[in-house]
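Listed below are the residues making up each chain.
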Amino acid sequence: MADSASTSRVPLASVTPAIALGPLDGRYRSATAPLVDYLSEAALNRDRTHVEVEWLIHLTSNSVLPGTAPLTADQQAALRDIVSGFDGNSVNELAEIEQVTVHDVKAVEYFIGRRLAAIGIENLTPLVHFGCTSEDINNLSYALGIKGAVENVWLPAARKMVAQIAAMAEETRSVPMLSRTHGQPATPTTLGKELAVTVHRLTRQLDRVAGTEFLGKINGATGTYAAHYASVPGADWQQVAKSFIEGLGLTWNPLTTQIESHDWQAELYADMARFNRILHNFCTDVWSYISIGYFAQVPVAGATGSSTMPHKVNPIRFENAEANLEISNGLLDTLASTLVTSRWQRDLTDSSSQRNIGVAFGHSLLAISNVAKGLERLNVAEDVLAADLDTNWEVLGEAIQMVMRAEAIAGAPGMENPYERLKELTRGNRVDAERMKEFVSGLGLPAEAEARLLALTPAKYTGIAENLVDHLQK
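Residues numbered from 1 in each chain as written. Predicted model: local features only at pLDDT ≥ 70, side-chain atom pairs only at ≥ 80, totals over all residues. Heavy atoms only, no water.

**Describing the overall build of the protein**
In terms of helices and strands, the protein carries 22 helices and six strands. Taking 2.2 N^0.38 as the reference for a compact globule, 474 residues should give roughly 23 Å; the C-alpha atoms of the protein span a radius of gyration of 31 Å, well beyond that estimate. With the C-alpha coordinates aligned to their principal axes, the bounding extent of the protein is approximately 100 × 65 × 45 Å. Counted over contacts in the protein with a minimum sequence separation of 6, partners at least 24 positions apart contribute 77%. Where the 39 positive side-chain charges of the protein centre and where its 55 negative ones centre are 3 Å apart. (Helix = DSSP H or I, 4+ residues; strand = E, 2+ residues; numbered from the N terminus. Rg over C-alpha atoms; globule rule 2.2 N^0.38 Å. Contact = heavy atoms within 4.5 Å. Lys, Arg positive; Asp, Glu negative; His and termini not counted. Charge placed at Lys NZ, Arg CZ, Asp CG, Glu CD.)

**Notes on the side chain of Glu93**
By the secondary structure assignment, Glu93 is in helix H6 (residues 88-101). Ignoring anything within four residues of it in the chain, the contact list for Glu93 reads Phe111, Arg114 and Arg115.

**Looking at empty space enclosed by the protein**
Counted according to the given criterion, the structure contains one cavity of 30 Å³ or more. Lining the largest cavity are Trp393, Leu396, Ile400, Met436, Lys437, Val440, Leu453, Leu454 and Leu456. Those elements that place two or more of their residues in the lining of the largest cavity are helix H20 (433-441) and helix H21 (447-454). A breakdown of the residues in the lining of the largest cavity according to their chemical character gives eight nonpolar, no polar and one charged. (1 Å grid on protein atoms, 1.4 Å probe; cavity = no way out; pocket = protein on both sides within 12 Å on 5 of 7 lines; lining within 4 Å. Points joined across faces, edges and corners; volume = space filled by probe spheres on them. Nonpolar A, V, L, I, M, F, W, Y, C, P; charged D, E, K, R; others polar.)

**Examining helix H18 (residues 397-409)**
Helix length check: H18 (13 residues) gives 19 Å between terminal C-alpha atoms against 18 Å at 1.5 Å per residue, within 8%. For H18, the secondary structure elements touched by its buried residues are helix H19 (418-426), H20 and H21. Downstream of H18 by a residue or two, Gly411 has a phi angle that is positive, lying close to 105°. (Expected span 1.5 Å × (residues − 1).)

**Quick notes on the pairing of strand E1 (residues 176-181)**
Remember that side chains alternate between the two faces of the sheet whenever the strand is regular. In this sheet, strand E2 (residues 184-190) lies alongside E1 in antiparallel orientation, the contact comprising five bridges. Counterpart to Met177 in the pairing with E2 is Thr189. Adjacent in sequence and paired antiparallel, E1 and E2 are bridged by two residues, among which His182 carries a positive phi angle near 60°. (Pairing = 2+ DSSP bridges.)

**Regarding helix H14 (residues 316-338)**
Over its 23 residues, H14 runs 33 Å from end to end, which matches the ideal 33 Å to within 8%, given 1.5 Å per residue. Burial in H14 covers these residues: Phe318, Asn320, Ala321, Glu322, Asn324, Leu325, Ser328, Asn329, Leu332, Leu335 and Ala336. Packed against the buried residues of H14 are helix H13 (263-291), helix H15 (349-354), helix H16 (357-376) and strand E6 (378-380). (Buried < 20%, exposed > 50% of the residue type's maximum accessible area, 1.4 Å probe, protein only.)

**Quick look at the nonpolar core**
With 108 residues, the main nonpolar core has Leu79, Ile146, Trp154, Trp237, Tyr269, Phe275 and Phe361 as its most contacted residues. Counting residues in each nonpolar core, the second largest holds 20 residues, with Ala399, Ile400, Met404 and Leu422 among its members. (Core = buried A, V, L, I, M, F, W, Y, C linked by side-chain atoms within 4.5 Å.)

**Some points on the pattern of salt bridges**
Overall, the coordinates contain 26 salt bridges when judged by the stated rule. Across the pair Arg29 and Asp25 runs a salt bridge whose closest N-O atoms are separated by 2.7 Å. Residue classification places Arg29 among the partly exposed positions, given a relative accessible area of 36%. When its relative accessible area of 44% is taken as the criterion, Asp25 is described as partly exposed. A salt bridge links Arg80 to Glu54; the shortest N-O distance between them is 2.8 Å. Linking Arg80 in helix H5 (residues 73-84) with Glu54 in helix H4 (residues 41-61), this pair joins segments that are 26 residues apart in sequence. Taken together, the shared-partner salt bridges in this structure form one network comprising Glu41, Arg48, Asp104 and Arg355. (Salt bridge = Lys/Arg side-chain N within 4 Å of Asp/Glu carboxyl O.)

**Considering the layout of surface pockets**
Taken as a whole, the largest pocket encloses approximately 830 Å³ of empty space. Mapped onto the lining of the largest pocket, the elements with two or more residues apiece are helix H2 (29-32), helix H3 (36-39), H4, helix H9 (134-171) and H16. The element that contributes the greatest number of residues to the lining of the largest pocket is H16, accounting for five residues. Estimates place the volume of the second largest pocket at around 620 Å³. Lining the second largest pocket are 19 residues, and of these Pro185, Glu394, Val395, Thr426 and Arg427 sit closest to its centre. Of all the secondary-structure elements, those providing two or more residues to the lining of the second largest pocket are E2, H18 and H19.

**Examining the environment of Ser63**
Counting through the fold element by element, Ser63 comes out in the loop between H4 and H5. Dropping the residues within four chain positions of it, Ser63 is found in contact with Thr68, Ala69 and Pro70.

**Structural notes on the packing of H4 against helix H7 (residues 104-113)**
H7 packs onto H4 with a crossing angle of 60° between their chain directions and a minimal axis gap of 10 Å. Relative to H7, the element H4 is oriented oblique. With respect to the hand of their crossing, H4 and H7 are arranged in right-handed fashion. Here Asn45, Arg48, Thr49, Glu52 and Val53 of H4 lie close against H7, whose contacting residues are Asp104, Val105, Val108, Phe111 and Ile112. The residue inventory of the contact of H4 with H7, partitioned by class, reads five nonpolar, two polar and three charged. (Axes fitted to C-alpha atoms, helices over the stretch in contact; angles between N-to-C directions. Parallel < 35°, antiparallel > 145°, perpendicular 65-115°, else oblique. Left-handed = near helix turned anticlockwise from the far one by under 90°.)

**Some points on the UniProt feature "domain: Adenylosuccinate lyase PurB C-terminal" (unreviewed entry) in the protein**
As annotated in UniProt, the feature "domain: Adenylosuccinate lyase PurB C-terminal" (unreviewed entry) corresponds to residues 342-462 in the numbering used here. Between the C-alpha atoms that bound residues 342-462 the distance is 54 Å, and the span itself is 61% helix and 2% strand. (UniProt positions renumbered as here; feature names shortened; annotations may be inferred.)

**Here's the deal with the packing of aromatic side chains**
On inspection of all chains with the given rule, the structure shows seven aromatic pairs. Among the aromatic residues, those joined into a cluster by ring pairs are Tyr289, Tyr294 and Phe295. Over the face of the ring belonging to Phe111 we find Arg115, whose NZ or CZ atom lies 3.8 Å from the ring centre. (Phe/Tyr/Trp six-rings, centres within 6.5 Å; stacked < 30°, edge-to-face > 60°. Lys NZ or Arg CZ within 6 Å of the ring centre and 35° of its normal.)

Right, dumping it as structure tokens:
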């Protein structure tokens, strides 16, 4: 029997397009909205229109076809107004055309053709989409959209967030902290140095992303310029294509099948995924530091941590980021592996795959936003870090046995078996300050070496950790 409540409900899809199936266009819209202008379906159609318009202008400006002449400045401006004025009405019109064509790129061709008479160039209708296969337009449109999303949205947001971590590294460069290797107490470091490691790792990946080559092609149905030379054999079509693509701000790919091979996309997504994984590691580390009290979270006024436990301040920003980074990487990895393969000269698997590029970017951008907000609510609990160090004097065992080794080489007597003697004292044991100093005093070390060790504390045993943060400025 049908649920009476469900049968009486208004279908949400009929209420408003704002009722989104996915969270990026619903709950998290404010964080991901900047990507809409580059990676949405509407943005793709605007970029397709842009490519088609510029191809028409390029062919006429260079009189590539006999009988064509450069357009006037007003005619060129009117064509480009089709792109700059692309809006909701344009989206709706294209959708109506596509209902007839059942082909998205052909709909764009007709969309532009409808406007040529008003510009006074109706005779150039056959020049729209001249020599092109759909993939000529699509690969350039995707490249432009991805380039815009990377350079204007994702990369600036990522660099700003990394700068936050770098600022924390600078502020805490001299704050001593107990290290943990395999989850166990280890040679102390400073909080700033550990944060600097993350900054260095993330920055390397961002620099790789910033160096991405965005490739494009416009060479026909199987990449041979066959239709071009059949129709206009006297043109230098490779140069026409190269100059056009470079004029769009992209890099010309001279050798392709029907599709641009997408290798550059796979390279980009691998770099982004690596950034995501490093950031995920950072989130789990911060979460763990919060759990042992190294970081205190600043409560948000009016916010609720738990529906039943009023005291809770949960590390939700970092947990949210973890989940979104995992979803983003699932898509980025799939895109990187799928897009580099295509049956013979082309199949359509890339078409469906590429429609998810915005989703992959969106979940990464959402994670970056959450990490940035989470960092803003962290305070370093220096007293907790200091107390942890003071209850782990056994970490000085490394320093003591190394001093003994050095003194043995220098000829000091009684320095035999330093590792074994420290192992007996410290392995699996808690050693306090008094016991450690007593042990050092009984070793028979030369006076200078003994004084140096007696002055050493876990908080002071950080090597040059503080100075290593300077590498972030190089």
